[in-house]
Amino acid sequence: MYKRQGVGNKGGIGTKLVARGRTAHGSRPYLGDNALDKLLRVIPYVRKIGDYRLELPPELTPIIRSSVELLLKNEKLTEVQRLAVKSLYDYPTGPSLNILRGGVKGNMVPDYAEAIFDIRLTPGCDPLKVKARIEELVEEAGVPGVSVEVRAPRTAGYYEPPNSPAIRYLSEAVQLVTGEEPTLTIAPWGTDAVSIKRYTGMPCLIFGPMLEDQLHQPDEHVPIGNLVTSAKVYALFPYIYGR
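Calculation criteria
- One numbering rule holds for all chains: residues counted from 1, following each sequence as written.
- At least 70 in pLDDT is required for a residue's local features to be given in this predicted model, at least 80 for side-chain atom pairs to be given and counted, and no such filter applies to totals for whole chains, interfaces and linings, which use all residues.
- With hydrogens and water stripped out, all remaining heavy atoms of the structure feed into the side-chain values.
- Only DSSP runs of H or I covering at least 4 residues are called helices, and only runs of E covering at least 2 are called strands; the numbering of each starts at the N terminus.
- Pairs were defined over the aromatic rings of Phe, Tyr and Trp, the Trp ring being its six-membered one, requiring ring centres within 6.5 Å. Orientation was assigned from the angle between planes: stacked under 30 degrees, edge-to-face over 60, tilted for the rest.
- Exposed residues in this analysis have more than 50% of their type's maximum accessible area, buried residues have under 20%, and partly exposed residues fall in between, with area computed by a 1.4 Å probe over protein chains only.
- Note on geometry: a ring has a charge over it if NZ (lysine) or CZ (arginine) is within 6 Å of the ring centre and within 35 degrees of the ring normal.
- At least two bridges found by DSSP between two strands are what make those strands a pair.
- Contacts are assigned to residue pairs with any non-hydrogen atoms lying within 4.5 Å of each other.
- To obtain an axis, a line is fitted to C-alpha atoms, over the contacting stretch when the element is a helix, and the angle between two such axes runs from 0 to 180 degrees between their N-to-C directions.

(A) The arrangement of unusual backbone geometry in detail. Look at the link from G94 to P95: it is a cis peptide, with omega at 0°. Within the secondary structure layout, P95 lies in strand 4 (residues 93–102).

(B) Local environment of the packing of aromatic side chains. All chains considered together, the criterion is met by two aromatic pairs. Taken together, a centroid distance of 5.5 Å and an interplanar angle of 85° make the contact between Y169 and Y241 edge-to-face. One end of the pair, Y169, is in helix 5 (residues 165–178); the other, Y241, is in helix 7 (residues 224–242), and 72 residues separate them in sequence. Classification of Y241 as partly exposed rests on a relative accessible area of 41%. Of the aromatic side chains, those joined through ring pairs into one cluster are Y169, F237 and Y241. One residue, K10, lies across the ring of Y89, its end atom 5.2 Å from the ring centre.

(C) Examining the sheet that holds strand 8 (residues 158–159) more closely. Strand order in the open sheet formed by three strands is 8-1-9, with mixed pairing between adjacent strands. This sheet does not close on itself; its edge strands, each paired only once, are strand 8 and strand 9 (183–187). Two strands pair when backbone bridges link them, and strand 1 (residues 4–9) and strand 8 are joined in this way by two bridges, in the antiparallel orientation. When the sheet's bridge partners are listed, G8 is paired in strand 8 with Y159. Strands in contact with helix 2 (residues 61–71) are strand 1 and strand 9; relative to strand 9, the strand with the most contacts, it is inclined by about 90°.

Dropping the structure here:
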């Protein structure tokens, strides 16, 4: 926790691939049009969005570099995972196929199937360009009866300008409490700061007691020591910010 200070976080584009076919009895599948088979033919094309390089603001280059370097310090990463970390910010993350639905019975050819992807984008890129590329890829697959629904906002995530005084003040508070200067990072996940920033315009930074490897785990927790340290930083930060 103490080694990082988030100055922004990634956003995402909700992407759903839908296939429609024709049902039939499983004993005579040739009379049907299997929606799952069609879906599986197009999924590899959606995955190609992971090769689409994002256009990012130059001012984020040092923070992206420090974010990657910090993540690569994890000695438990495999070589495949290390390669994924190195492209974590310059390309869309994933896409991670998180939900696959299709079929109602084991003896029926499915006439409907859908795949839902989690695709994360670095703040500062143009989500609409990514959306257009995903649509192009699905078109390139050339499978009739398959369409894609992409919910792309005008902006992805958020970030505070690197020269923001708020970043400097929080870094000072963290260093005074912990004795360590935090590394500035872009969080690869989402936070409520996206909405707070959009509707209030106030500076938003990320610092807390979480353990990164605990995200969405069955026994997710935070150590009491981390919680106490975070509380000290939260108490000190307003004083430094307003002095």
